[in-house]
2 protein chains.
Amino acid sequence: MSSLPIENNKQLLDRVSKILEKGSQIEIRNLVHSLYPAETAHILESLGPEQRAKIWEVIPPSVMGEILIEVNVEVGSGLLKITDRKDLIAACENMGSDNMVDLLHVLPEPLLSQVIETIGAQNRSRFEKDLRYGEHTAGGLMSRDVLTVRSDVTLDVVARYLRKRGKIPAGTESLIVVDRTEQFQGVLPLSQFLASDPHSKVADVMDNRGIAVIYSMPSRDVVRLFEQRKLLAMPVVADDGKVIGRIAIDDIVGAIREEADHSLMGMAGLTEEHDMFAPVVTSAKRRAVWLGINLLTAFLAAWVIDLFEDTIQQIVALAVLMPIVASMGGIAGSQTLTLVIRGLALQQVSSGNTMSLLLKEVSVGLVNGLVWAVVVAGVAGFWFHDMHLGLLLGSAMLINLVCAALSGVTIPVVLDRLGIDPALAGGVLLTTVTDVVGFMAFLGLATLFLL
Amino acid sequence: MSSLPIENNKQLLDRVSKILEKGSQIEIRNLVHSLYPAETAHILESLGPEQRAKIWEVIPPSVMGEILIEVNVEVGSGLLKITDRKDLIAACENMGSDNMVDLLHVLPEPLLSQVIETIGAQNRSRFEKDLRYGEHTAGGLMSRDVLTVRSDVTLDVVARYLRKRGKIPAGTESLIVVDRTEQFQGVLPLSQFLASDPHSKVADVMDNRGIAVIYSMPSRDVVRLFEQRKLLAMPVVADDGKVIGRIAIDDIVGAIREEADHSLMGMAGLTEEHDMFAPVVTSAKRRAVWLGINLLTAFLAAWVIDLFEDTIQQIVALAVLMPIVASMGGIAGSQTLTLVIRGLALQQVSSGNTMSLLLKEVSVGLVNGLVWAVVVAGVAGFWFHDMHLGLLLGSAMLINLVCAALSGVTIPVVLDRLGIDPALAGGVLLTTVTDVVGFMAFLGLATLFLL
């Protein structure tokens, strides 16, 4: 029985920081030994490289593997570099088969071959097979640690078999039922098993509405099935219908977290696999690409403004007001964009409802465009004592808000059809449109009507 | 045994759209009856109000409750408005106790009292008690449907008790072990139970490292515990240590999804509880607030530009180039902001590492500022045949990128300490800083050195 209250991650992190400051290796060691692998992983991701190394050097090889799976890819490869090769091989040997495969996915090539060498020929062929499943498929998510029972035996026989076996995978809440040829038949929830008469046949008490998925199903779809059907586990079958593995809910929890992080980080041109405390040059390089792309679009906008140099020269107030048009377009557009990107990620936007979503968003843009056009027209007209100028500003904003809504829907939908991640590329394209349209509309209208 | 392959949500949505177009009520009814509540909820969220009503009218009251829990708050209240009161009360009576409480949380006040009236006095006091637990605490997440066993009995006795009881809650993978006074002792995984000798005592085979949490623990912390310790379920205890409920992993999956959506949507001034197909006026009103706040900051930026009206009048190129400075600052700042917001949400940023994160981000800003300053200086100098102008542009950009990094870290950290959601308010504050600093630096330097 554990003591209450339990620390949250922030409290844990603060405690670790204090211990690291004092620097007693024994205290660090005691601390690390009291943590779960994922807690240690959390700590490692939250620390800079030097402190990270201090923690890593006291971690026993037997838990290294599990921690390496939990940290993000970049932190993991940093740790691999400072890990003794022997320790690493020991770490691999200590792991369950599916965790092992996850780890092998993370290892860089020369090391990967070396580890596969050492784990022995009989295991090797199996791991090599597992490595062939795509990481983002049911096969990549599954564990091969499956307990199957035959449908034609009695519960009593199953009970004896389980006791004889001695060890059932932790977290098992149901047994997978197969026929003589290992074809999937259904599942036998342990809750059902325990509540039933021992003389009943498995076939009579099992749940035959259970589903199995094929190894090649994209993990995104697997995640939805778990979420929507409140599953705790699901068998995975091969092309021939034979049960080859089992996906458990804890694998799914990790996948949901990754998926969500991916959208959030992607919209800022980042990924969830990067180290928050990566070396400055590494981080700078990575972000430079994103800034560079944005710079191109900023120069495009500047070029549009330059087309109207003469107009601005005559009415400087245009230069003062033009960022308002671009900024409002950008904000309105990013609201629509975010809504659609989330809809696409949750598979709530499809060809059937794109048109009505577009209509709705454009209408919203129109309503808000009108409302705020009146406001900016008033403020600008009053500010510069020129109602014509105000009117122009309002009209340009209205045009830009409608365009923002149009592109906020069409850009992500088109990117998605082209197989490009809308979370990653959508924002840049959208601001390009809202900047260009915003400046063009405002300065163009001014050139036409004010000069 | 179910047929393969299984439809994903997009395919399902397309199929539903087609059936709705043709409009045969029987087909709609057959379709809806074949779906899981969460699948129906997904469909309802993905459709416009009219089609939504078409689906809702064929849904039997017995599953209405479960669907209402699954849809987001706004879609739910829309559905409640078109639901017959009698159906709704029938729906409530059909639900398990914890689902019932979730539904009661969603019901608007007059209806809530009415439902509580009808469910009978003996249940009422219990529900009223449950409703007192905060929705975002362990108490709000838990179900009261708990199976406890005493630690001093043998497994054989437990087995007979379970069979006599007949029904074990679906998805149970462990039993909660308590002593004579209902104090939490540990958990007995069913996998362990089945693999052990029936004559052993519960106390000897149970897992006593299991943890229980207090009902008042914030759900954010509960979610972390499940994720990091790979839990499938966890007992919840009252202040006196008595077991009062159990949180299962499927409640956690929902909470993770909500939390992640909250950050993503919050950054665009939206929330995860809004209806994608809300009426135009409702959506427009909601987003108007966000646009209005942004308009204020845009006017602030315009006011800054206006301070330099004379300078711009003399050198129009400044007006052409100034959006570049603001835009690059905004992009760089939002990268840092997103990183920190995610770090705060995952509790990876705390007082212990804020300073080193700040140093790192400012250094990254400095490096990228220098690199891109050289590029923009060259391009602008060449474009306007004026190296001084280019140099100024580069310097202003460097200044703005460093400020962007500074505010990208400090704004969310300060907001978090003040108890304000950084995902919601961070973006507006940040762009205010990068716009003002960007225009001020560029136009200010130009006034000093070019005139």
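The name an unreviewed UniProt entry gives chain A is Magnesium transporter MgtE, with Methylomonas rivi as the organism. You can read under Function (unreviewed entry) in the UniProt record for chain A the words "Acts as a magnesium transporter."

(A) Highlighting the sheet that holds strand 4 (residues 213–214) of chain B. All names here are of chain B. Strand order across the open sheet formed by 3 strands is 4-5-6, with mixed pairing between neighbours. Both edges of this open sheet fall to strand 4 and strand 6 (243–248), since each of them pairs with a single strand only. Sheet topology note: the strand 4/strand 5 (residues 233–237) ladder contains 2 bridges and is parallel. Looking at strand 5, one finds that I214 is bridged to V237. The sheet strands contacting helix 15 (residues 219–229) are strand 4, strand 5 and strand 6, and the helix crosses strand 5 at an angle near 145°.

(B) Structural detail: the UniProt feature "domain: CBS" (unreviewed entry) in chain A. Residue and element names in this part refer to chain A. Following the UniProt record, one finds the feature "domain: CBS" (unreviewed entry) at residues 142–205 and 206–264. From the first C-alpha to the last, residues 142–205 spans 26 Å; its make-up is 33% helix and 22% strand. Counting secondary structure, residues 206–264 comes out at 46% helix and 22% strand; the distance between its end C-alpha atoms is 42 Å.

(C) The arrangement of the pattern of salt bridges in detail. This structure, assessed with the given rule, holds 34 salt bridges over all chains. A salt bridge links R257 of chain A to E227 of chain B; its shortest N-O distance comes to 2.6 Å. With R257 of chain A in helix 16 (residues 249–266) and E227 of chain B in helix 15, this pair bridges two chains. Judged on exposure class, the residue R257 of chain A and its partner E227 of chain B are both buried. For the salt bridge of E74 of chain B with R286 of chain B, the shortest nitrogen-to-oxygen distance reads 2.5 Å. On the criterion of sequence distance, the pair formed by E74 of chain B in helix 6 (residues 73–81) and R286 of chain B in helix 17 (residues 280–306) is long-range, its members being 212 residues apart. Look at R286 of chain B and you get partly exposed, because its relative accessible area is 24%. Salt bridges sharing partners connect three or more residues here, namely R224, E227 and E259 of chain A together with R257 of chain B.

(D) View of the relation of the copies chain A and chain B. In the superposition of chain A on chain B (RMSD 0.1 Å, axial shift 0.0 Å), the rotation amounts to 180°. Both chain copies can therefore be described as sitting about a two-fold axis. Identified as the residue of chain A closest to the rotation axis by C-alpha distance is E173 of chain A, at 2.4 Å. Taken as a fraction of all interface residues of chain A, those also at the interface in chain B reach 100%, which identifies the copy contact as same-surface.

(E) Representation of the environment of D416 of chain B within the structure. Mapping D416 of chain B onto the fold places it in helix 21 (residues 387–417). Once the C-alpha coordinates of D416 of chain B and L344 of chain B are considered, the two residues, 72 residues apart in sequence, prove to be 7.9 Å apart. Residue contacts for D416 of chain B: discarding those within four places in its chain leaves K10 of chain A together with L344 and P422 of chain B.

(F) Here's a closer look at a nonpolar patch on the surface. All names here are of chain A. Side chains of L300, W303, L307 and M440 sit close together on the surface and give an oily, nonpolar patch of about 390 Å² of accessible area. Examined against the element boundaries, L307 turns out to sit in the loop between helix 17 (280–306) and helix 18 (309–314). Owing to a relative accessible area of 49%, L307 belongs among the partly exposed residues under this scheme.

(G) Fine view of helix 20 (residues 351–383) of chain A. With 33 residues, helix 20 of chain A ought to run about 48 Å at 1.5 Å a step, and its terminal C-alpha atoms sit 46 Å apart, in line with that. One or two residues past the end of helix 20 of chain A sits H385 of chain A, with phi positive at roughly 50°.

(H) Broad picture of the domain arrangement of chain A. Domains assigned within chain A are domain 1 (9–132), domain 2 (148–249) and domain 3 (280–449). A separation of 46 Å is found between the C-alpha centroids of domain 1 of chain A and domain 3 of chain A.

(I) Quick look at empty space enclosed by the protein. Per the counting criterion, the structure on display carries 11 cavities of 30 Å³ or more. A volume near 1100 Å³ is recorded for the largest cavity. Lining the largest cavity are 45 residues, with I331 and T431 of chain A together with G330, I331 and T431 of chain B positioned closest to its centre. Listed by contribution, the elements that provide at least two residues to the lining of the largest cavity are helix 17, helix 19 (317–345) and helix 22 (422–449) of chain A together with helix 17, helix 19 (317–345) and helix 22 (422–449) of chain B. The element best represented in the lining of the largest cavity is helix 19 of chain A, accounting for 9 residues. Counted by class, the lining of the largest cavity contains 27 nonpolar, 16 polar and 2 charged residues.

(J) How the structure looks around the interface of chain A and chain B. The partner chain B presents 136 residues to the 136 residues of chain A that form the contact. Of the roughly 12600 Å² buried at the junction of chain A and chain B (both faces included), carbon and sulfur atoms supply 65%. Viewed at the interface, chain B and chain A are joined by 14 salt bridges. Counting across the interface, chain A meets chain B through 40 residue pairs in polar contact (both at pLDDT 80 or more). Of the residues in the side of chain A that touches chain B, the class split is 74 nonpolar, 35 polar and 27 charged.

(K) Structural context of the pairing of strand 6 (residues 243–248) of chain A. Across the 6 residues that make up strand 6 of chain A, a large majority, 6, are buried. The antiparallel pairing of strand 5 (residues 233–237) of chain A with strand 6 of chain A creates a hairpin that spans 5 residues between the two strands, and G241 of chain A there sits at a positive phi of about 85°.

(L) View of the packing of aromatic side chains. All names here are of chain B. Within this structure, the stated rule accounts for 6 aromatic pairs over all chains. An angle of 55° between the planes, with centres 5.7 Å apart, marks the rings of Y133 and Y215 as tilted. Taken as a pair, Y133 in the loop between helix 10 (121–132) and helix 11 (138–141) and Y215 in the loop between strand 4 and helix 15 lie far apart in primary sequence, 82 residues in all. In this structure Y133 comes out as buried when scored by relative accessible area, which is 14%.

Conventions adopted
- Each chain carries its own residue numbering, running from 1 in the written order of its sequence.
- Both sets of labels track the order of writing: A upward for chains, 1 upward for ligands.
- Only residues with pLDDT of at least 70 get local features here, since the model is predicted, and only at 80 or more are side-chain atom pairs given and counted; chain-wide, interface and lining totals rely on the full set of residues.
- Excluded from the side-chain calculations are hydrogens and water; all other atoms, namely the structure's heavy atoms, are used.
- UniProt positions are given in the numbering used here, feature names are shortened, and annotations may be inferred rather than shown by experiment.
- Two strands are said to pair when DSSP picks up at least two bridges between them.
- In DSSP terms, a helix is any run of H or I states spanning at least four residues, a strand is any run of E spanning at least two, and both are numbered starting from the N terminus.
- In this description, contact between two residues means that some pair of their heavy atoms is separated by no more than 4.5 Å.
- Fitted lines through C-alpha atoms serve as axes, helices being fitted only where they are in contact, and the angles separating the N-to-C directions of these axes extend from 0 to 180 degrees.
- Every case where a carboxyl oxygen of Asp or Glu lies within 4 Å of a side-chain nitrogen of Lys or Arg is listed as a salt bridge.
- Exposure classes here rest on a 1.4 Å probe applied to the protein chains alone. A residue is buried below 20% of its type maximum, exposed above 50%, and partly exposed in between.
- The least-squares superposition of copies is restricted to C-alpha atoms, and to residues with a pLDDT of at least 70 in both copies.
- Only residues whose relative accessible area exceeds 30% and that take part in no salt bridge are eligible for patches, with like-charged residues grouped when within 9 Å of each other and nonpolar side chains (Val, Leu, Ile, Met, Phe, Trp, Tyr) grouped when within 5 Å.
- Surface accessibility in these figures is a Shrake-Rupley result with a 1.4 Å probe; residues are shielded only by whichever protein chains are displayed.
- Each helix should span, by expectation, one fewer than its residue count multiplied by 1.5 Å.
- An automatic or database domain assignment provides the domain bounds reported here.
- A cavity here means a set of 1 Å grid points, computed over protein atoms only, where a 1.4 Å probe fits but cannot escape. A pocket is an open set with protein on both sides within 12 Å along at least 5 of 7 lines, and lining residues have an atom within 4 Å of a point.
- Grid points are joined across faces, edges and corners, and a volume is the space filled by probe spheres set on the points.
- Think of it as three bins: nonpolar holds Ala, Val, Leu, Ile, Met, Phe, Trp, Tyr, Cys and Pro, charged holds Asp, Glu, Lys and Arg, and polar takes everything else, Gly as well.
- Joining two parts hides part of their accessible area as seen by a 1.4 Å probe, and the buried area is that hidden amount summed over both.
- In the analysis that follows, any N or O atom pair within 3.5 Å is treated as a polar contact, provided that within protein one partner can donate a hydrogen and the other can accept it, and provided that, for residues neighboring in sequence, both atoms belong to side chains.
- Ring geometry is summarised as follows: Phe, Tyr and Trp rings, the Trp one being its six-membered ring, pair when their centres sit within 6.5 Å, and such pairs are stacked at plane angles under 30 degrees, edge-to-face over 60 and tilted between the two.

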